[in-house]
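# Reading the structure
The primary structure of each chain is shown beneath.
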Amino acid sequence: MAAASIHLNAGTKRFLDEPHRLLINNEWVATDGGDTIAVNDPATGLQIAEHEGASEADVDRAVAAARAALTGPWSKLSPADRGKLLWKLADLMDQNAATICELEVLNNGMPMIAAQLGSTVFAPDYLRYCAGWATKILGDTIPTSRPPMDPDGESLVYTLKEPIGVVGAIIPWNHPGSMMALKLGPALATGCTLVLKVAELTPLTNFFMARLAVEAGFPPGVINVISGYGERAGAALANHPDVDKIAFTGSTAVGKEIIKASAGNLKRVSLELGGKSPVVVMPDANIDKAVAGAIPAAFFLSGQNCMAGTRLFLHARIHDEFIDKLSAGVGMLKVGSGFDPEAFIGPLISERQRQRVLGYIDAARAEGADIIVGGQATGERGYFVQPTVAANTTRDMQVVREEVFGPVLSVRRFETEDLDAIAAEANDTIYGLSGSVWTQNISTAHRLVKRIDAGQVSINCHAAIDPATPFGGNKQSGWGREFGKEGLQPYLKTKAVSIML
Ligand code: NAI
Ligand code: MG
């Protein structure tokens, strides 16, 4: 077993050795004709577990459970009691933080600190944030000008905010614990039920959290958790006639498939997709701070995150100094297992993903970029790639245009100080998820922010994530927003009620 050389806590070891099935109606059930799927440790490439991937029949069962639960005891719970259940789950996550982190590192490869911050600080905090909203979902009272029936009569019109119904949530492998919290929080706060299809590469943390959800006391059928191949289990969920809404996080290509699949019953769709976010450094920026920010912006989770700042724009006046400091900083990033406390760059999720990333690096070389740091696969085993900086890139290069989802930063030099021209370059992408501007001039900062077409633009920092701050994409980065007050809206529907008094 790959985990043998790593010291894991007893709870983690026990969990790994147990069967990993499907959670339907609060019971762990065997698949009906689904797939057996291996789970690997990406730091070693060795198998650590196997699990059952859902068949179409399993998806039917899970959706039926969620549908029945929608009008069961769950619907009779008060908003405050829904909030308490979310708090309970968050508390259980705190109590099991060590196991959650070990599973994240083992199954995804991320550094331990990223597991701690994402899955045991952010994720439970996000659940608590949503728990607070459960009691604050309000309709309106509406003064109308045309009373129904009798124009001289009196009327009262108000709106009810109702749960949208059965949610099919589909999440990727890049941060399993926090991705699960992002789907559970708003769905449960609003009173929906859900079938969560986790990523077939990284089901372990999600299955563990699903056990905690049962322990927390959510009624049967409210939270159903299945894994399975995207083309099979994911597609069955996206196509299902009895699912009211899909909440999807993943690639833009699959996002488009989800939209097509939604046509059958016109289910609602929210999408958190890819990105190619710009980091724009103006000549008056604090260079040391900008270098210190640009490195994690590009390389956090080995670049396997949707808001990664992978297009770095450097003004000509500071370009060379910046490149020197950037190269030194990136060159010092340690590549290694997430269990090594000094490693910042963990493995990529799979050999397939590694080959894909190396293909982008080769293409960058062939198209004339200068690979000034990294550029190679590394490590005796596992799916590691060196953190890589491609300098002197141009707008048409593949590495500049496409989401690499690996530790590859492309750098471009710009000469102008015309903000419209700078923004035109920054916006020259099909994506619009995140972005940052680095300058000490407050008016340059705000004028550039206005011109950048992205759901989230930061000044002198990149991609600050907080439960209260809306997050989501423009253009092909997605539909809708998660987090914050806005994050609840995709899970609600409005009913207008007119009364003739
Ligand atoms: P993916 O988009 O195929 O997988 C994400 C989730 O969607 C998984 O749970 C998967 O099982 C499911 N899925 C796949 N095909 C589906 C379908 N036809 N219907 C319903 N669900 C489906 O991502 P993949 O293939 O793992 O990664 C490929 C590339 O996608 C990455 O290199 C990266 O560029 C991008 N990606 C972007 C993410 C983001 O958050 N921006 C997350 C994951 C991948
Ligand atoms: Mg795919």
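The written sequence of each chain sets the order in which its residues are numbered from 1. The lettering of chains begins at A and the numbering of ligands begins at 1, in the order of writing. With the structure being a predicted model, the display of local features is reserved for residues of pLDDT at least 70 and the display and counting of side-chain atom pairs for 80 or more, all residues being used for whole-chain, interface and lining totals. By convention in this description, side-chain values take in all heavy atoms of the structure and omit both hydrogens and water.

## Side note on the overall build of the protein chain
We count it as follows: For the purposes of this entry, the term helix denotes a DSSP run of H or I that reaches at least four residues, the term strand denotes a run of E that reaches at least two, and both are numbered from the N terminus. With C-alpha atoms as the basis for the radius of gyration, the globule rule is written as 2.2 Å multiplied by the number of residues raised to the power 0.38. Throughout this description, buried means an accessible area under 20% of the type-specific maximum (1.4 Å probe, protein chains only), exposed means over 50%, and partly exposed covers the range between. Whether two residues are in contact is decided by their heavy atoms, any of which lying within 4.5 Å being enough. Positive charges are assigned to Lys and Arg, negative charges to Asp and Glu, while His and the chain termini are left out of the count. Each charge is placed at NZ for Lys, CZ for Arg, CG for Asp and CD for Glu.
Helix and strand counts for the protein chain stand at 16 helices and 24 strands. For the protein chain, whose C-alpha radius of gyration is 24 Å, the value lies close to the compact-globule estimate of 23 Å for 501 residues. Considering the protein chain as a whole, with its 501 residues, one finds that 57% of them fall into the buried category. Across the protein chain, every contact between residues at least 6 apart in sequence was considered, and the portion connecting residues at least 24 apart equals 74%. Separation of charge centres in the protein chain, based on 45 positive and 54 negative side chains, amounts to 3 Å.

## A look at the layout of surface pockets
The criterion, for reference: Buried and open spaces are told apart on a 1 Å grid over the protein atoms alone, a cavity being a set of points where a 1.4 Å probe fits but cannot get out and a pocket being an open set with protein on both sides within 12 Å along at least five of seven lines. Residues with an atom within 4 Å of a point are the lining residues. Grid points are joined across faces, edges and corners, and a volume is the space filled by probe spheres set on the points. When residue character is reported, Ala, Val, Leu, Ile, Met, Phe, Trp, Tyr, Cys and Pro are called nonpolar, Asp, Glu, Lys and Arg charged, and the others, Gly included, polar. What counts as a domain boundary in this text is fixed by an automatic or database domain assignment.
Approximately 1,300 Å³ is the volume found for the largest pocket. What lines the largest pocket is a set of 48 residues, and nearest its centre among them are Trp173, Glu200, Ser251, Val254 and Arg352. Class assignment for the residues of the lining of the largest pocket results in 25 nonpolar, 13 polar and 10 charged. For the lining of the largest pocket, the domains that each give at least three residues are domain 1 (2-273 + 479-497) and domain 2 (278-466). The calculated volume of the second largest pocket comes to roughly 750 Å³. At the level of elements, helix H6 (112-133), helix H7 (176-189) and helix H11 (287-299) are the ones that each hand at least two residues to the lining of the second largest pocket. Take the lining of the second largest pocket: its biggest share by element is seven residues, from H6. Of the residues in the lining of the second largest pocket, the class split is 22 nonpolar, seven polar and four charged. Counting contributing residues per domain, the lining of the second largest pocket is built from domain 1 (2-273 + 479-497) and domain 2 (278-466), each supplying no fewer than three.

## Quick notes on the domain arrangement of the protein chain
Filter applied, for reference: A 1.4 Å probe defines the accessible area here, and the buried area is the portion of it lost by two parts on being joined, summed over both. A carboxyl oxygen of Asp or Glu within 4 Å of a side-chain nitrogen of Lys or Arg is what we treat as a salt bridge. Definition of a polar contact: a pair of N or O atoms within 3.5 Å, with one able to donate and the other able to accept a hydrogen when the atoms are protein atoms, and with sequence-neighbouring residues admitted only if both atoms are side-chain atoms.
When cut into domains, the protein chain gives domain 1 (2-273 + 479-497) and domain 2 (278-466). A straight line from the C-alpha centre of domain 1 to that of domain 2 covers 31 Å. On the side of domain 2, 25 residues touch domain 1, which itself brings 29 residues to the contact. Taking both partners together, domain 1 and domain 2 bury about 2,100 Å²; carbon and sulfur atoms supply 70% of that area. Our count for the contact surface shared by domain 1 and domain 2 stands at zero salt bridges. The interface formed by domain 1 and domain 2 includes three residue pairs in polar contact (both at pLDDT 80 or more).

## Points about the sheet that holds strand S13 (residues 311-315)
Here is the rule we go by: Two strands form a pair only when DSSP identifies at least two bridges running between them. The angle between two axes is taken between their N-to-C directions and runs from 0 to 180 degrees, where each axis is a line fitted to C-alpha atoms and a helix contributes only its stretch in contact.
If you walk across this open sheet you meet the seven strands as S14-S17-S18-S13-S12-S20-S21, and the pairing is mixed. The open sheet has two edge strands, strand S14 (370-373) and strand S21 (458-459), and neither has a second partner. Sheet topology places S14 next to strand S17 (residues 388-391); three bridges connect them, and they run antiparallel. Counterpart to valine 373 in the pairing with S17 is valine 389. Helix-sheet contacts for helix H13 (residues 351-366) involve S14, S17 and strand S18 (408-414), and the interaxial angle to S14 is about 120 degrees. Each of strand S12 (278-281), S13 and S18 touches helix H15 (residues 419-426); the most contacted strand, S13, lies at about 155 degrees to it.

## Topic: unusual backbone geometry
With a phi angle near 60 degrees, asparagine 25 is a residue other than glycine that sits in the positive phi range. One can find asparagine 25 in the loop between strand S1 (22-24) and strand S2 (27-29). Of note in this structure, asparagine 392 is not a glycine but carries a positive phi near 55 degrees. By secondary structure assignment, the location of asparagine 392 is in the loop between S17 and helix H14 (398-401). The exposure class assigned to asparagine 392 is partly exposed, which follows from its relative accessible area of 38%.

## Points about the nonpolar core
Let me state the cut-off plainly: Among the buried residues, those of types Ala, Val, Leu, Ile, Met, Phe, Trp, Tyr and Cys that are joined through side-chain atoms within 4.5 Å form a nonpolar core.
Among the nonpolar cores identified, the biggest contains 65 residues, and Leu89, Leu188, Phe218, Ile223 and Val225 are the most heavily contacted of them. There are two domains that each give this core at least three residues, and those are domain 1 (2-273 + 479-497) and domain 2 (278-466). Setting aside residues up to four positions removed in sequence, phenylalanine 218 forms contacts with Asn26, Trp74, Leu85, Leu86, Leu89, Leu188, Ala213 and Ile223. Core analysis: the second largest hydrophobic core is formed by 26 residues, Val63, Ala66, Ala238 and Ala261 among them.

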